[in-house]
Amino acid sequence: MKKVLSINSGSSSLKISLFAMPTEQRLAKIMVDYSDETNQLVTITLPNHELIVQHYHNKLSPVELALKLLTKHKVINNPQEIAAIGHRIVAGGELFQRSTEITTEIMQKLESINELAPLHNPANIAGILDAQQLLPNCPQIAVFDTAFHTDLPPENFLYALPLEYYRKYRIRKYGAHGTSHRFVAQQAAKMLHLPLNELKLITLHLGSGASVTAIKNGKSYDTSMGFSPLTGLMMSTRCGDIDPSALVYLLKHHVFSDMNECMEILNKQSGLLGVSELSKDMREIERASTENPQAALAIKMFVKRVCDYIGSYWLELGGANALVFTGGIGENDCHLRELISERLSCLGINFQSQQNQSRDLPFDFASTDSQARLLVIPTDEELMIARDAYSLLSSKQLCNQTAVNY
C-alpha cells in the first residue's frame, strides 16, 4: 500500500485528500479556506466520516497545516509515510500533454506559462513549492486540467486568426476542468455498462467555474473554455463568451484604465455577480429570484448559455449517449438541472422530475424514452490526481528496479 496525497490548490482555498493506493481508499479529506490569512477555516473528514471544523489563528502554510492535521488525528504517524504528492495544475499549454513528475526544469516551464491561467497557476505552483520544502524527498507529480483536451482536432482548437499567431504564440483553445471531465466520463461508462471508447458524452462541470465538454470515444472532442478559463459559459464571476470589440469600445471610452483592470472585471466582477448585482453564489441568487428581476435574469442567462453549448455539441457529436452533470451546481441544484433539461425536449431528451430530486449520488434522472441519459455524478478531481500520481510512481519504481537488475 502506498499513501498518495492529492493537492488541489486555489487562489483562496485548498483541497487535500490522502489515499491508500491502489485500493483508492480515502484516508482523509481536508479543506482549507485561507482567504483570511490570520484565521484559516479548516474542515477535515476522517475515515469514520467524523467531520471536524476548526479555525487556526496562525500563519502556517496550507500544506504544512494539512500535514500537521493528518499527524494530529493519527491518519499518518509521520509525513515521511507519504509516497507521492499529486498537484492539480490548471493550465499546461502545449508544453504538458500528460501528467508528469516535477523537476527543476518542469518548474521553470510551469512558471513560463502562468499567463494562461493567472488566477490559478500561480496558486498551484505555490502549493508545489510548499510541498517540496516540507517533503523534499517525496516525488511530486503535476496533473494538468488542460491535458485531457490536447486531442482536440485542429478545427476545434484553432481560432480564425492569422495562423501565424498560433505558430508563433500558440494562441489556441486549451480548455480546462479536464481532470473533472475525464473522471466523470469514466464513471459514466461504468454507470452505462458500456466501454468509454464507444460512447458520445456531453459533460457539464457546473460550479463557480463552469465548462462543457463534448467527449467522443473517450477523448475530448470540443470544450467551452478557450485560451484561458475565462471564456465559454457564464460563471460565478467570469463573463464567459463576449465580443472582443465590446472590450475595445469600453477601453476607448476609458471605462477601464488599462488591460489589467479590464481583466480584473471580466474575471472577478462579471458573470452571475455582475448581472445579479447580488451574489456570485447561485444558491443566494435562486432564493432571491422570485422577487428580484436581476437575479431571475442571471439564472435565465446561465441556463441559456449551458443549453447553447449542449445544442452545439449535440450537433457536433451527432447525438449523445448521456449528458453528465457535475460540479457544485451540477451535483446539488435540482432546480437548475430541471431548467436545463426542460429546454432540451426538442432533442428528445426527457426527464423524471421526482428522480431529479434524489440525493443518492450518482443517479440517472432521464425518462425511459429519453434520447440520452441524464446522469448526475459527483466529480473527484483529487482521486483522479492520486491515480495519475500512483501510476507514475509505480512506473518509476519499475524502471528503477529494471535498471538495477540489468
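Here the structure is a predicted model, which is why all the values come from computation and not from measurement. (Residues numbered from 1 in each chain as written. Predicted model: local features only at pLDDT ≥ 70, side-chain atom pairs only at ≥ 80, totals over all residues. Heavy atoms only, no water.)

What follows concerns the overall build of the chain. The helix and strand tally for the chain stands at 15 helices and 14 strands. Taking 2.2 N^0.38 as the reference for a compact globule, 406 residues should give roughly 22 Å; the C-alpha atoms of the chain span a radius of gyration of 22 Å, in line with that estimate. Once the C-alpha set of the chain is aligned to its principal axes, its extents read approximately 60 × 55 × 50 Å. A buried classification covers 50% of the 406 residues belonging to the chain. If you take every contact in the chain between residues at least 6 apart in sequence, the share linking residues at least 24 apart comes to 59%. When the accessible surface of the chain is summed, it comes to about 19,500 Å², and 51% of that surface belongs to carbon and sulfur atoms. For the chain, the centre of its 37 positive side-chain charges and the centre of its 42 negative side-chain charges are spaced 3 Å apart. (Helix = DSSP H or I, 4+ residues; strand = E, 2+ residues; numbered from the N terminus. Rg over C-alpha atoms; globule rule 2.2 N^0.38 Å. Buried < 20%, exposed > 50% of the residue type's maximum accessible area, 1.4 Å probe, protein only. Contact = heavy atoms within 4.5 Å. Areas by Shrake-Rupley, 256 points an atom, 1.4 Å probe, with all protein chains shown as cover. Lys, Arg positive; Asp, Glu negative; His and termini not counted. Charge placed at Lys NZ, Arg CZ, Asp CG, Glu CD.)

In this section: the sheet that holds strand E11 (residues 219-223). In spatial order, the strands read E11-E10-E9-E12-E14-E13; together these 6 strands make up an open sheet with mixed pairing. What marks the edges here is a single partner per strand, and that holds for E11 and strand E13 (363-364). Where strand E12 (residues 322-326) meets strand E14 (residues 373-376), 4 bridges bridge the pair, whose relative direction is parallel. Bridge pairing in E14 links Leu-323 to Leu-374. (Pairing = 2+ DSSP bridges.)

Once that is clear, we can look at helix H11 (residues 293-317). Over its 25 residues, H11 runs 36 Å from end to end, which matches the ideal 36 Å to within 8%, given 1.5 Å per residue. Listed as buried for H11 are Ala-295, Ala-298, Ile-299, Phe-302, Val-303, Val-306, Cys-307, Tyr-309, Ile-310, Tyr-313, Trp-314 and Leu-317. Where H11 begins, the capping side chain belongs to Asn-292, and its oxygen is found 2.9 Å from the backbone nitrogen of Gln-294. Following H11 by one or two positions, Gly-318 adopts a phi angle in the positive range, close to 75°. (Expected span 1.5 Å × (residues − 1). Polar contact = N/O pair within 3.5 Å; in protein donor to acceptor, adjacent residues only side chain to side chain.)

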